[in-house]
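A closer look at the structure
Residues per chain are reported as follows:
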Amino acid sequence: MRLWQKVFLYTLILVMLAVSMTSILLLKNSFSLALEQRKQSVYSEHAFVITSFKSMMITERLKENVVVLDEDALQGFMADTFGGNQKKSGIQFCDTEGQHVYSNKEMEVPQGLLEAVQETGKNYMQVEGYQLYIASSESMEGKTYYVITENDITDVVEIHENMLRQILAISMGCAMVIAFILLIVVKMLLHPLQRINEGTRAIAQGSYEKRIPVRGHDEVSELAYNMNRMAWAVEQNVRALEDVAEDRKHFIDNLSHEMKTPLTSILGFSDLLQIKKDISEESRIEYAGIIKEEASRMRTLSGKLMELITVGEANLEWKEEDMQQLFEEIGISLKVITDNHHMKFSCVSEPGMLCVDRELFKSLLYNLVDNAVKASKEGANIQVEGHFEQREFCIRVADEGVGIPESEIAKITQAFYMVDKARSRASGGAGLGLALCAEIISLHQGTLQFESRLGEGTSVLIRMKGGKCHA
Amino acid sequence: MIKILIVEDDPNIAKLVEATVAIGGYEGVVCGNGAEAFEIMEHGNFDLILLDVMLPDMSGFEIMQRRTNTQVPVIFITAKQELTDKVRGLRLGAEDYIVKPFEAMELLARIEVILRRVKRTENVYTYGDILVNVEEHTCKCAGKEIYLTPKEFEVLVFFIQHKDVAISRDRLLAAVWGFEYEGESRTIDIHIQQLRKKLNLRERLVTIPKLGYRLESAKE
C-alpha cells in the first residue's frame with residue numbers, strides 16, 4: 001500500500017472512531033438521563049395510584065359498612081376502580097405467593113421482579129423492551145399484596161433510536177466530507193515526496209548530475225537537500241573512478257602499442273628466417289640484428305615498467321640523508337655516462353639533510369640526466385645542482401640540448417609520451433622516464449617544473465618539502 | 001609487376017613488410033610519414049596500399065578520409081586492436097584490417113584475396129613445364145592436360161604463388177580448406193602425394209620436417 005493511502009486510511013479510521021464514540025457516549029448519557037426522569041415520574045405515579053387506591057378503599061369500607069373488606073370484595077373493588085380505566089399504564093395485583101389476583105389488562109411480569117421486591121422489601125423497577133415495570137409490596141386489609149404497574153416508555157426509547165439513526169447518517173456524511181478533505185491534504189503534503197522519489201530514481205539509474213528541486217523548510221525539503229548532497233558525493237566519486245579508469249585504459253592502450261611494435265618486428269623477422277628458403281648472408285645478419293635490437297627495446301620497456309610499478313609500493317626506506325654527500329656519490333656514477341658522450345658534467349649540492357628514499361632519489365637523478373644526455377650534442381654542458389630555500393630543497397637539472405616545445409610540456413610526464421618518437425626510439429627510450437620521475441617526486445611530496453627553450457636547452461626544477469640546511 | 005605502397009613509421013616493421021611482400025613477388029615502396037604518404041597516394045600508381053594508423057603528421061584514418069584516389073585498395077596494418085578502431089577503419093573504405101603482430105603468410109594471403117577481388121592477379125601461372133589457368137580451371141603438364149580434383153588444383157595454385165616458401169600444414173589447411181576446417185593434416189599429405197604423382201613433382205615439392213612443404217623454383 002502506498003504511503004498516502006496508509007496515512008489517509010489510518011487518519012480516516014481514527015477520526016471516524018473518535019466522532020462516533022463521542023456521539024454514542026453522549027447519546028447514551030442523554031438516554032439514561034431521560035430514562036431516569038421517566039422512572040421518577042413513574043415512581044411517583046405508582047405511589048400516587050396506590051395511595052389513592054388505599055384511601056378509596058377506606059371509603060369503600062365505610063360504604064359497605066364493614067371493618068375489613070374480604071378478598072372477593074377487594075378483588076371486585078379493584079376491578080371497579082381500574083377496570084374502566086383504559087389508560088395506557090396497566091396494573092396488577094398479586095398475593096405473596098405471586099399468584100395473580102387482578103390485572104386490568106394482559107401483562108407479562110418480568111422474571112425476578114417479585115423476588116427482588118420480596119428480598120429488599122422496597123420498591124423495584126425493571127425495564128423490559130418498551131415497558132417499564134415497577135413493583136411494591138403493600139399491606140391491604142390485613143394481607144400483603146404485590147402491586148405491579150406497567151408503564152409504556154416507547155417514546156423515550158424511540159427518541160433514542162431515532163437519534164442513533166440520525167447520528168449514523170450524519171457520521172456517514174461527515175466521513176465523506178472528511179475523506180475528501182483528507183485526501184486533498186494528504187496528497188498535497190506528500191506531493192514533494194513524489195518529486196523526491198522521481199529524482200532519486202533518476203539518480204539511481206545513473207544520471208548522477210540530476211538534482212532534486214528543494215522548496216520550503218520542512219523535513220521533506222531537508223530530505224531533498226540531503227539527497228542532493230548524496231548525489232553530489234556519488235557524482236564526485238564516480239567521476240574520480242571514471243578518470244582513474246580512463247587513465248588506466250590510456251596507459252594500457254599505450255603499453256600494448258609500445259609492446260606490439262617491437263613484437264611485430266621480432267615475430268615477423270623470425271618468421272621470415274624460418275619460412276624463406278634462400279636468404280643471403282647479408283639479409284640474415286640484418287634480420288637477426290633487428291630481432292636483437294627490438295628484443296632489447298622490449299627489455300628496456302619491461303625494466304622501466306617494473307620500476308614504475310614498484311615505485312608506488314610500500315617497501316620504501318625513508319632516511320635523513322646529507323645532500324652534499326649523496327649528490328657527490330650519484331655524480332660519480334653519472335659521470336661515466338656523460339663521459340661516454342663526451343659531455344661536461346657537474347653534480348653538487350649545499351650541505352643539509354633531507355628525508356628521502358635513497359634508491360628512488362638516485363633513480364630520479366639518473367633519469368633526468370639520462371634525458372639531458374639524450375637531448376644534448378657532444379661537448380655540451382649538463383649541470384645538476386641542489387640548494388635549500390627556506391623549508392624546501394630545490395634541485396635543478398640543466399642541459400643545453402634541443403629543448404621541448406611549449407605546447408608539449410604539459411604532456412611530457414604522461415607515460416609513453418614522446419616528443420620526438422623517432423629520436424626517442426633511436427636512443428632506446430621507452431617514454432616512461434619522466435612518468436617515473438613524476439611518480440618519485442610525488443612520493444617525496446615535491447613539485448616538478450620545466451623551463452625550456454627550443455634549441456637552447458631545458459631546466460628541470462624540483463622542489464621537495466622538509467629540507468634542513470646545515471649552514 | 002604489382003606495386004604495393006607500405007606506409008609505416010617504424011623502420012624495422014617497414015622493412016619486415018617489404019621483405020614479406022617480396023616473397024609474394026610484389027614490389028614494395030616504403031613511406032614513413034603520413035603527409036608524404038598522402039601525396040604519394042594521390043599521384044602515385046599503386047595496386048595496393050598497406051597503411052599504418054598511428055603515423056607522424058597525418059594519421060592513417062585521416063589519410064583515408066581525405067584521399068580522392070579511391071580506386072586503389074587499402075589494407076590497414078595497425079597495433080590498434082579494438083573493435084571500434086577496426087569498424088572505423090573498414091567504414092572508411094579499407095578492404096581489410098590486420099592487427100600487429102601478424103604472420104608473414106597471413107599478410108600475403110590477405111593481400112592475395114584483395115588483389116584477386118580487384119582482379120589484379122594473373123590468371124595463368126607457369127611453373128617449369130606446368131601451365132595452370134585459374135580462369136579455365138585447367139592444368140597442363142608438358143602440353144598434356146592433367147585431371148586434378150578441385151582441392152588438388154587449389155593446393156597447386158597456392159604452392160606456385162608461394163614458390164620457395166616453406167608452408168606449414170596449418171597454413172595450407174586455412175588457405176585451401178578454410179579456417180573453420182578441422183580436418184587432419186593427413187588430408188594434406190594425401191593431396192601432396194597425388195600432386196607429386198600426377199605432375200611428376202617428387203623432387204621439387206619437398207617435405208620440410210616438422211614444418212610442412214615447399215615448392216622449389218623450377219630449374220631452367
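Since the model is a prediction, treat every value here as computed from it, not as a measurement. (Residues numbered from 1 in each chain as written. Chains lettered and ligands numbered in written order. Predicted model: local features only at pLDDT ≥ 70, side-chain atom pairs only at ≥ 80, totals over all residues.)

Quick look at the overall build of chain A
Within chain A one finds 10 helices and 13 strands. Here chain A holds 471 residues, and the buried ones make up 21% of them. Within chain A, residue pairs in contact and separated by at least 24 positions form 63% of the contacts whose partners lie at least 6 positions apart. (Helix = DSSP H or I, 4+ residues; strand = E, 2+ residues; numbered from the N terminus. Buried ≥ 20, exposed ≤ 12 C-beta atoms within 10 Å, placed from the backbone. Contact = placed C-beta atoms within 7 Å.)

What to know about the overall build of chain B
A count of helices and strands for chain B gives eight helices and 12 strands. Counting over 220 residues, chain B shows a buried share of 34%.

Re the packing of helix α8 (residues 358–375) of chain A against helix α10 (residues 433–443) of chain A
All names here are of chain A. Relative orientation of the contacting elements α8 and α10 amounts to 145 degrees, with a least axis distance of 9 Å. Taken as a pair, α8 and α10 cross one another with a handedness that is left-handed. For the pair formed by α8 and α10, the contact residues are L360, S363, L364, N367, L368, D370 and N371 on the first element and G433, L436, C437, I440, I441 and L443 on the second. Considering only residue class, the contact of α8 with α10 consists of eight nonpolar, four polar and one charged. (Axes fitted to C-alpha atoms, helices over the stretch in contact; angles between N-to-C directions. Left-handed = near helix turned anticlockwise from the far one by under 90°. Nonpolar A, V, L, I, M, F, W, Y, C, P; charged D, E, K, R; others polar.)

A word on the pairing of strand β9 (residues 381–389) of chain A
Residue and element names in this part refer to chain A. Across the two faces of β9 the burial differs, with I382, V384, G386 and F388 buried and N381, Q383, E385, H387 and E389 not buried at all. In this sheet, β9 lies alongside strand β7 (residues 344–349) in parallel orientation, the contact comprising six bridges. The residue of β9 that forms the bridge with V348 is E385. Looking at chain direction, β9 and strand β10 (residues 392–399) are connected through eight bridges and run antiparallel. (Pairing = 2+ DSSP bridges.)

A few points about helix α5 (residues 104–117) of chain B
Residue and element names in this part refer to chain B. Its 14 residues give α5 an end-to-end C-alpha distance of 20 Å, which sits within 8% of 20 Å, the value for a rise of 1.5 Å per residue. Among the residues making up α5, those that are buried are A104, M105, L107, L108, I111 and L115. Taken down its axis, α5 places every buried residue within 155 degrees of arc, on the same side. Looking at α5, the residues exposed on the side facing more than 90 degrees away from the buried face are R116 and R117. Backbone geometry just after α5 places K119 at a positive phi near 60 degrees. (Expected span 1.5 Å × (residues − 1). Arc of directions from axis to C-beta.)

A look at the packing of helix α1 (residues 3–64) of chain A against helix α4 (residues 154–204) of chain A
All names here are of chain A. One can describe the packing of α1 onto α4 by two numbers: an axis separation of 9 Å at closest approach and a directional angle of 160 degrees. Considering the angle they form, α1 stands roughly antiparallel to α4. Helix-helix and strand crossings are classified by hand; for α1 and α4 the assignment is right-handed. When grouped by side-chain class, the residues that make up the contact of α1 with α4 number 24 nonpolar, five polar and two charged. (Parallel < 35°, antiparallel > 145°, perpendicular 65-115°, else oblique.)

Examining the pairing of β10(A)
Residues and elements named next belong to chain A. Of the two faces of β10, only one is covered, namely that formed by F393, I395, V397 and D399; the face formed by E392, C394, R396 and A398 stays uncovered. Hairpin connection from β9 to β10: two residues lie between these consecutive antiparallel strands, with Q390 at a positive phi of about 50 degrees. Alignment of β10 against strand β12 (residues 457–465), held across seven bridges, turns out to be antiparallel. Paired with F393 across the two strands is M464, which belongs to β12.

Here's the deal with the interface of chain A and chain B
With 20 residues of chain A in contact, the opposing surface of chain B contributes 18 residues. Those elements that provide at least two residues to the side of chain A that touches chain B are α5 (219–275) and α6 (281–311) of chain A. Counting residues per element, the side of chain A that touches chain B draws most heavily on α5(A), at 14 residues.

A word on the nonpolar core
L5(B), V7(B), L48(B), I49(B), L50(B), L51(B) and F76(B) are the most contacted members of the largest nonpolar core, which totals 59 residues. If you tally residues by element for this core, the top one is α5(B), at six residues. With sequence-adjacent residues up to four places away left out, L48(B) is seen in contact with I4(B), V72(B), P73(B), I75(B), I111(B), I114(B) and L115(B). Grouped together as the second largest cluster of nonpolar side chains are 38 residues, F393(A), L432(A), L434(A) and C437(A) included. (Core = buried A, V, L, I, M, F, W, Y, C linked by C-beta atoms within 7 Å.)

Looking at the sheet that holds strand β11 (residues 446–453) of chain A
All names here are of chain A. As summarised here, the arrangement of the five strands in space is β7-β9-β10-β12-β11, forming an open sheet in which the pairing is mixed. The open sheet has two edge strands, β7 and β11, and neither has a second partner. Strand-to-strand twist in this sheet, taken as the mean axis angle between neighbours without regard to direction, amounts to 15 degrees. Sheet contacts for helix α7 (residues 323–340): β7, β9 and β10; angle to β7, the most-contacted strand, approximately 165 degrees.

Some thoughts on the sheet that holds strand β10 (residues 167–168) of chain B
Residue and element names in this part refer to chain B. Pairing is antiparallel in the open sheet, where three strands are placed in the order β10-β12-β11. The strands lining the two open edges of the sheet, one partner per strand, are β10 and β11 (205–208). Relative to strand β12 (residues 212–215), β10 runs antiparallel, the two sharing two bridges. Residue pairing across strands places I167 opposite Y213, the latter belonging to β12.

Things to note about helix α7 (residues 169–177) of chain B
Residue and element names in this part refer to chain B. By the burial criterion, the buried members of α7 are R171, L172, A175 and V176. Buried positions in α7, seen along its axis, are confined to an arc of 105 degrees and lie on one side of it. Close packing links the buried residues of α7 with α5, α6 (150–161), β10, α8 (186–199) and β12. Within two residues after α7, G178 carries a phi angle of roughly 95 degrees, on the positive side.

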